[in-house]
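Close look at the chain arrangement
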Amino acid sequence: MAENGTDCDQRRVGMIKEQHNGNFTDSSLSERKRKDREERLNIVLWRQPLVTLQYFSLETLINLKEWTIKLWHRRSILVAFLLMLAVLTATYYIEGTHQQYVRYMEKKFFWCAYWVGLGILSSVGLGTGLHTFLLYLGPHIASVTLAAYECNSVNFPEPPYPDQIICPDEETTEGSISLWAIISKVRLEACMWGAGTAIGELPPYFMARAARLSGAEPDDEEYQEFEEMLEHAETAQDFASRAKLAVQNLVQKVGFFGILACASIPNPLFDLAGITCGHFLVPFWTFFGATLIGKAIIKMHIQKLFVIITFSKHIVEQMVSLIGAIPSVGPSLQKPFQEYLEAQRIKLHHRSDTGVPQGENWLSWMFEKLVIVMVCYFILSIINSMAQSYAKRLQQKMYSEEKTK
């Protein structure tokens, strides 16, 4: 009896020690991962330029190698694509009556591809993301709106539209322009941009889906954060965690219409919806269909309407007059806005070959420089992100080597 009691006590002590060691191992591992993450975040161009550029180059080569292998495994699709490209090239260069349709399709294709590309850059998660709505689509809709109210028409001559907007020669009556006419004028580019943002949401979905099907631990930190959030769902207290859980519950329980609701409004947590759909194996067309309808149709019409109303003629005039009412600095601030609007009006009523002087306003100069700065910062963030991805590869290689020892 005494021996059996002693054995039981020893066994219990051993179990307690194992549990303690396991907890110690987990805490030390999480602490090490935290330190590794901090170390990776320090790999940026303004702190470690040489290391960052070296890691960026190596990560680029690894990605090129991976993509080459993927293309080789799908070489039948690649050959079919090259054959189709050869046929299209021959059609493009052969003279005939079809050339007018070819030129029309070429113009529309590159116009749509331009906006789809900007939409993808806005949401795909490269670096910090490029805010292409604020930098490109929003200003385009605003310029069309201002021109439509000034010209009382949206039938701008093509060419030079969309490269340059000038008023048509036809006689129009004051106040004949409608809100719906402006919405219809910019619908194609807005919907293409929205479709691009929907395509940019696919990587989190595919990553989470692949991780769930394979059972392997994913490399993505957002997915790891998502799994931790699921584990501690009941103990979440802060607003951000509860908001993420609300999005996850909406998408998981409501399905198509839940995804549609999340995609139809400006939602910084939509990446979580993609991860949730991938993790719970929501069918691809359910996820992408709801995302496409929400972003390219519903959300884009909301954003278009907001920009068009904001830049309608009477609203702009009221805003400029309110700027002038600011004490002390109002008149000096109001003057450049008035000059800019007047310059745009003159430009709309004159063609580029009439010799109208092209003065540069400081507002347009500042906006151009802002675009350049944001694009440069976006490129720098991509370099930093790829360098940090390579550093993560090295750390994971060290983990695997330690496990095999």
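Up top is the structure these notes are about.
First, a word on what this report is: a plain description of the structure on this page.

The rules behind each value
- Residues numbered from 1 in each chain as written.
- Predicted model: local features only at pLDDT ≥ 70, side-chain atom pairs only at ≥ 80, totals over all residues.
- Heavy atoms only, no water.
- Patch = residues over 30% accessible without salt bridge, like charges linked within 9 Å, V, L, I, M, F, W, Y side chains within 5 Å.
- Areas by Shrake-Rupley, 256 points an atom, 1.4 Å probe, with all protein chains shown as cover.
- Salt bridge = Lys/Arg side-chain N within 4 Å of Asp/Glu carboxyl O.
- Helix = DSSP H or I, 4+ residues; strand = E, 2+ residues; numbered from the N terminus.
- Buried < 20%, exposed > 50% of the residue type's maximum accessible area, 1.4 Å probe, protein only.
- Phe/Tyr/Trp six-rings, centres within 6.5 Å; stacked < 30°, edge-to-face > 60°.
- Disulfide = S-S within 2.5 Å.
- Polar contact = N/O pair within 3.5 Å; in protein donor to acceptor, adjacent residues only side chain to side chain.

Some thoughts on a nonpolar patch on the surface
On the surface, Leu-71, Leu-78, Phe-81, Leu-82, Met-84, Leu-85 and Leu-88 cluster together into a nonpolar patch covering about 650 Å² of accessible area. With 6 residues, helix α3 (residues 75-93) is the largest single contributor of residues to the nonpolar patch. Tracing the backbone shows Leu-82 in helix α3. Judged by its relative accessible area of 47%, Leu-82 is partly exposed.

Here we look at the packing of aromatic side chains
What the rule picks out here adds up to 16 aromatic pairs. Aromatic pair Tyr-92 and Tyr-93: ring centres 5.0 Å apart, planes at 85°, arrangement edge-to-face. Overall, the relative accessible area of 27% leaves Tyr-92 in the partly exposed class. You can call Tyr-93 exposed: its relative accessible area is 61%.

A short note on the state of the cysteines
Summed over all chains, the structure comprises 1 disulfide. Two residues, Cys-151 and Cys-167, share a disulfide whose sulfurs are 1.8 Å apart. Across the S-S bond linking Cys-151 and Cys-167, the dihedral sits near -70°, which makes this disulfide left-handed. Pair noted here: Cys-151 is in helix α5 (residues 132-151) and Cys-167 is in the loop between α5 and α6 (179-185), with a separation of 16 residues, a long-range link. There is no split in this pair, since Cys-151 and Cys-167 are both buried. In this structure Cys-112 is not part of a disulfide, and its nearest cysteine sulfur, from Cys-191, lies 10.0 Å away.

So, the side chain of Ser-312
Mapped onto the fold, Ser-312 is located in the loop between α13 (284-310) and α14 (313-324). Assessed through its relative accessible area of 3%, Ser-312 is described here as buried. Within the structure, Ser-312 has its side chain in polar contact with the backbone oxygen of Ile-309 (distance 2.8 Å).

Some words on the pattern of salt bridges
One pass over the full model with this rule turns up 4 salt bridges. Among the salt bridges present, the one from Glu-59 reaches Arg-393, with a minimum N-O distance of 2.8 Å. Residue Glu-59 is found in helix α2 (residues 49-73), and its partner Arg-393 is found in helix α16 (residues 362-404); the two are separated by 334 residues along the sequence. In this structure, Glu-201 and Lys-295 form a salt bridge, with 3.7 Å as the shortest nitrogen-oxygen distance. With Glu-201 in the loop between α7 (187-200) and α8 (202-214) and Lys-295 in helix α13, this residue pair connects regions lying 94 residues apart in the sequence. Of the two residues examined, Glu-201 and Lys-295, each falls in the buried class. A single network of salt bridges, built from pairs that share partners, joins Glu-59, Glu-66 and Arg-393.

Everything listed is a geometric property; what it means functionally is a separate question.
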